[in-house]
Amino acid sequence: MNICVIGTGYVGLITGACFAEFGVNVVCIDKDEKKISQLKKGIVPFYEPGAEELLQRNLKANRIIFTTNVADAVKNSLVIFIAVGTPPRGDGSADMSYVEEVAKEIGKHSDGYKVVVTKSTVPVGTGERIKQIISKNLKSKVKFDVVSNPEFLREGSAVEDFMRPNRVVIGAENKQAIAILKDLYRPLYLIETPFVITNVKTAELIKYASNAFLAVKISYINEIANLCEALGVDVQVVAKAMGLDQRIGPKFLHAGPGYGGSCFPKDTNALAKISRGNNILLNLVEAAIKTNRNQKQRMVDKIMAGTKGVRGKTIAILGLSFKPNTNDIRESPAMEIAQDYLSFKLGAKIRAYDPEAMQDARKVMPKAIYCKDAYDAVKGADALVIATEWNQFRNLDLARLKKLMKGKFFFDLRNIYDPKKAREAGFEYYSTGRV
Ligand code: UDX
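Residues numbered from 1 in each chain as written. Predicted model: local features only at pLDDT ≥ 70, side-chain atom pairs only at ≥ 80, totals over all residues. Heavy atoms only, no water.

**Regarding the site of the ligand**
Around the ligand lies a shell of 18 residues, among which Leu 153, Glu 155, Lys 207, Gly 260 and Lys 323 are the nearest. At 2.9 Å from an oxygen atom of the ligand is found a side-chain nitrogen or oxygen belonging to Lys 323. Look at the ligand: alone it shows 650 Å² of surface, and the protein chains cover 93% of it. At 3 residues, helix H10 (residues 200–231) tops the list of elements feeding residues into the shell around the ligand. (Near = heavy atom within 4 Å. Polar contact = N/O pair within 3.5 Å; in protein donor to acceptor, adjacent residues only side chain to side chain. Areas by Shrake-Rupley, 256 points an atom, 1.4 Å probe, with all protein chains shown as cover. Helix = DSSP H or I, 4+ residues; strand = E, 2+ residues; numbered from the N terminus.)

Structure below.
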């Protein structure tokens, strides 16, 4: 089967490369010529474990090609995945202009039956909108179906998440379109991945409802962490015991500086907006958004209270990406704490180290000093802040850190270290939800 994927970001590239791995002939399209020429050479323009090997293997097998030419790709494909961005607008709603532009192109170049699949996270009702745009732009009387097939990939584990998903959701109104998608996903069928077959609107809501729930879960454990600090209780013990209840589950119960990334902040705001647009108030989602915003301020308050002020002091920040195993700093709590608060508002000097995100960080935080590793970052620092829980930070030599630092403050926002051991190493140690 021939498919094309329009958009070669985290979602589009991983989707295309994984379908190629399934033996499908894939054409990936992007209007960014520089990105396309890099991809043709097997270079992935972002850090995603396993993506580059996957891409190079499938380039070599001639199962995946890259082009900026939408017309031919649409003409030669039966299934067309829309995987372009839906970035947040100022008012929190999703900017659908890229999706709508692609729908127009698909209408203009469709010369036979097509299955048009939205892979990007799109507001409920987008499938209907895409149908109208394609119909309006069709040059010949051809049939097509619009399907919602939301992705659930996590950055840093996107390949694994595609190859072994918890479920595949297919939203369609037409049996033929469902059959074609099931055929495309047959390799996952063979490993008995659960498929949820429903209509387009339901599939669109499943994605938002899932992401928003995960965000609510994180904000919930962060609020419990804040209560734990007041009560002198260890949130990690609470979270572990909670997670043993199969109705709760152990994942996404790690307290920290709040959620970031290109999805949770965007999707929670968009869902709240969509809901308000339908005269329904999602109090829990809106509360989670507020809690998440406040959590970063709480981290800064913690740092200020411990150090009695940071103006003119040197703060070492370990971790800049929004989560480990990615270079992505979009909505990163680490960046917001380092750049907006400690540096810009409070006048601290920042020394930073991140295994993958420093190139991106440098563009928005040029004044910071970027270091070659964690030990270099703490040299002469008054305080150390672990903001993203990269594996490289999990087993640092505490005595060596202490010796290299000027001050004794250690803010472990991701609860990587044992408070007792850190204090025995001479640190004035603070973490999230623990005493
Ligand atoms: C998320 C969803 O998990 C994924 O299904 C969807 O397709 C895209 O959005 P992603 O944003 O890549 O994936 O990362 P995720 O691992 O979900 O983490 C999101 C944020 O939550 C990160 O900032 C992370 O640090 C934070 N987080 C996660 C916590 O603070 N605590 C946790 O327990 C888990």
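**Observations regarding the packing of aromatic side chains**
In total, this model carries 18 aromatic pairs according to the counting rule given. Seen from their ring centres, Phe 410 and Tyr 429 are 5.2 Å apart, and the 85° between their planes marks the pair as edge-to-face. Of this pair, Phe 410 sits in strand S13 (residues 409–412) while Tyr 429 sits in strand S14 (residues 428–431), and the two are 19 residues apart along the sequence. Among the aromatic residues, ring-to-ring pairing joins Phe 19, Phe 22, Phe 81, Phe 162, Tyr 185, Tyr 189 and Phe 195 into one connected group. For Arg 167, the ring lying beneath its charged end belongs to Phe 152, and the centroid distance is 3.6 Å. Above the ring of Tyr 375, the side-chain terminus of Arg 400 is found at 3.7 Å from the ring centroid. (Phe/Tyr/Trp six-rings, centres within 6.5 Å; stacked < 30°, edge-to-face > 60°. Lys NZ or Arg CZ within 6 Å of the ring centre and 35° of its normal.)

**Focus on the state of the cysteines**
For the structure shown, the criterion picks out 0 disulfides. Of all cysteine sulfurs, the one in Cys 28 lies closest to Cys 18, which takes part in no disulfide; the gap is 11 Å. Using a relative accessible area of 0% as the deciding quantity, one classes Cys 18 as buried. In this structure Cys 263 is a free cysteine whose sulfur lies 16 Å from that of Cys 18, the closest cysteine sulfur available. (Disulfide = S-S within 2.5 Å. Buried < 20%, exposed > 50% of the residue type's maximum accessible area, 1.4 Å probe, protein only.)

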